Amino acid sequence: MEIESIVANSALIRAREGKSKGRSWKWREMLRFPHISQCAELAMSIERDYYSLCVKQPIGKKLFQLFCRSRPNLQTFMSLQDALVDKERKDFGIMSLNLFCLVICVFSKYINSSVSWNRDLHKHLCGEPFRQYQDSMFFDRFLQWKMVERQPITKQCFRQYRLLGKGGFGEVWACQVRATGMMYACKKLEKTHVKKRRGEAMALNEKQILERLDSRFVVNLVYAYETKHALCMVLTMMSGGDLRFHIYNIGKPGLDRKRVRFYAAEVCCGLIHLHQMSILYRDLKPENILLDDNGHIRISDLGLAVKLSEGSLVRGRVGTLGYMAPEVIGLEHYGMSADWWGLGCLIYEMTAGQPPFRARGEHPKPPEMERRIQKEQEEYGDKFSQNVKNLCSLLLTKDPKERLGCQRSGGREVQYHPFFRKINFRMLEAGLVEAPFKPDPRLVYCSDVQDIEEFSIVKGVTLDHTDSNFYSKFNTGKVPISWQNEIIETGCFGELNIFGPVGSRSPDLDW
Ligand code: ADP
Ligand code: MG
Ligand code: MG
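Residues numbered from 1 in each chain as written. Chains lettered and ligands numbered in written order. Predicted model: local features only at pLDDT ≥ 70, side-chain atom pairs only at ≥ 80, totals over all residues.

The name given to the protein in an unreviewed UniProt entry is G protein-coupled receptor kinase, and the organism recorded there is Amphiprion percula. If you open the UniProt record of the protein and go to Sequence similarities (unreviewed entry), you find "Belongs to the protein kinase superfamily. AGC Ser/Thr protein kinase family. GPRK subfamily." (UniProt positions renumbered as here; feature names shortened; annotations may be inferred.)

> A description of the confidence of the model for the protein should follow, citing residues and the corresponding values.
Looking at the protein as a whole, the pLDDT averages 87, with 90% of positions reaching at least 70. Ignoring residues within four places in sequence, the model shows residues 111-115, a span with pLDDT below 50, making 3 contacts including any to other chains. Note that pLDDT drops below 50 for residues 507-511; the model gives that stretch 15 contacts with residues more than four away or on any other chain. Predicted complex metrics record ipTM = 0.98 and pTM = 0.88. (pLDDT = per-residue confidence, 0-100. Contact = placed C-beta atoms within 7 Å.)

> Kindly report on helix α5 (residues 58-70), identifying the contributing residues and their values.
In a regular helix each residue adds 1.5 Å, so 13 residues correspond to 18 Å; α5 covers 19 Å between its end C-alpha atoms and thus fits that length. Within α5 the residues assigned to the buried category are Ile-59, Gly-60, Lys-62, Leu-63, Phe-64, Phe-67 and Cys-68. (Helix = DSSP H or I, 4+ residues; strand = E, 2+ residues; numbered from the N terminus. Expected span 1.5 Å × (residues − 1). Buried ≥ 20, exposed ≤ 12 C-beta atoms within 10 Å, placed from the backbone.)

> Tell me about unusual backbone geometry, and please be specific about residues and values.
With phi around 70 degrees, Arg-282 is a residue other than glycine that occupies positive phi space. Along the chain, Arg-282 falls in the loop between β6 (279-280) and β7 (289-291). Despite not being glycine, Leu-331 shows a phi value in the positive range, around 60 degrees. Along the chain, Leu-331 falls in the loop between α15 (326-329) and α16 (337-352). You can call Leu-331 exposed: it has 10 C-beta atoms within 10 Å.

> Can you explain the UniProt feature "active site" (unreviewed entry) in the protein? Please cite residues and give values.
Mapped onto this structure's residue numbering, the UniProt feature "active site" (unreviewed entry) falls at Asp-283. Here Asp-283 shows up in the loop between β6 and β7. Leaving out residues up to four positions away in the same chain, Asp-283 has contacts with Asn-288, Asp-301, Leu-304, Gly-319 and Thr-320.

> Describe the site of ligand 1, with residues and values.
Taken together, 21 residues sit near ligand 1, with Gly-165, Gly-167, Val-172, Ala-185 and Met-238 positioned nearest. Elements represented by at least two residues in the shell around ligand 1 include exactly β1 (158-166), β3 (183-190) and β5 (230-236). For the shell around ligand 1, the domains that each give at least three residues are domain 2 (153-239 + 453-475) and domain 3 (241-443). (Near = placed C-beta within 6 Å. Domains from an automatic or database assignment.)

Structure below.
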């Protein structure tokens, strides 16, 4: 490894070690609350929706809980909520004795029967308690956080570390938010490249799909901003490298069965989340599945994803040839079936250490690849157990109507396959299953800096005012839920959310 790479890697490793250590010494100033009088306009315009303000937005939820805890008549509800959360964490079967007593006590008081505790809990809280909350100092504080959230994002908000990879329109860099110390990956789209290759719709599509998603199995978009030369998407940092790297660059090609099962199960959950939002992913392949520090995967690179309207299909040969489903190649109309084919290819490749329709080192011409995908039966060597072979062949069924995952119950059907018998999907969805392989925090799981090809420079493209409409649609700054999670996770919320003397209406304060 060259010295340049060693230096870049060790800077990155040091940066991701300690989160709060990475904060700028001016971090408090960067996150300073405006005086409450400056929030008047926001208070007028913000939508007073209980679900959004008190459940969905993490900072809103915290402040609403703090409010409830401060009111004696609401404390029981908070204990109930804690117990419900606790129960979910601990197990999914038996109700604890404490919880049982609490439920009896609360429900006999306020609510007649036990339909769904959670729903009833919210039904109560969204009434009078929510009204009182909006007149409290806790809500004032929420408005102050929202004002901080609205501050524009520029290049200066981040420190940049090493290059992580190269994409179609630009490079991906490791970066760190100065105000909080949080590490992210910044995917840059060079404006000239986007314009030359007419990638505007694609870039905007990726950004807009990502900002609406909130899944532990898909990378999160946290910030979208522009610089003079690039559009930037700041995404969950995935330090464990992509599956391609793990399949081919560490020891013998392929992964052991435990890992195959675990990654396949998580990808399956990710696809189900996407499909529930009517999003077809279309680009499933090992290099788009990334590992985080703890060894969990997320689906990334949603440039080719499309949102389908209710029950409709799309047409179009997109994706990477080796992973395209027969119906995609055949220019037919297709729906979610294309992704289940993709999962079949992925499971096959993780197991065999090579993709299903191409031998190692072989580079067949596109027409030959198409023929094999549409006509040829894939082969299963002795690395395949009966279960995994059966699952792959069901997913790699040529006719999408017959394929596993494409019947009425969708992806659930895939989860029921015997190959996944050992996976508890509810625990997995709640993030409570430990990964079988944890990346070494002292390693950088990507190619050396100098081995990542340099990004070429486009000539003869000039940017003008017609482009700025598109840029402003892209440049929307922070994505509220992701940003609020960052503030909480990095401890900034805890350190800054101090209120003045008890009873004072002004949360604007004294640090
Ligand atoms: P493109 O859409 O142009 O293919 P990608 O989103 O796939 O771009 O990113 C290109 C490469 O950058 C990936 O193959 C991966 O190596 C790296 N990369 C992308 N996103 C992340 C991330 N969130 N964390 C770490 N590395 C990433
Ligand atoms: Mg990619
Ligand atoms: Mg892409």
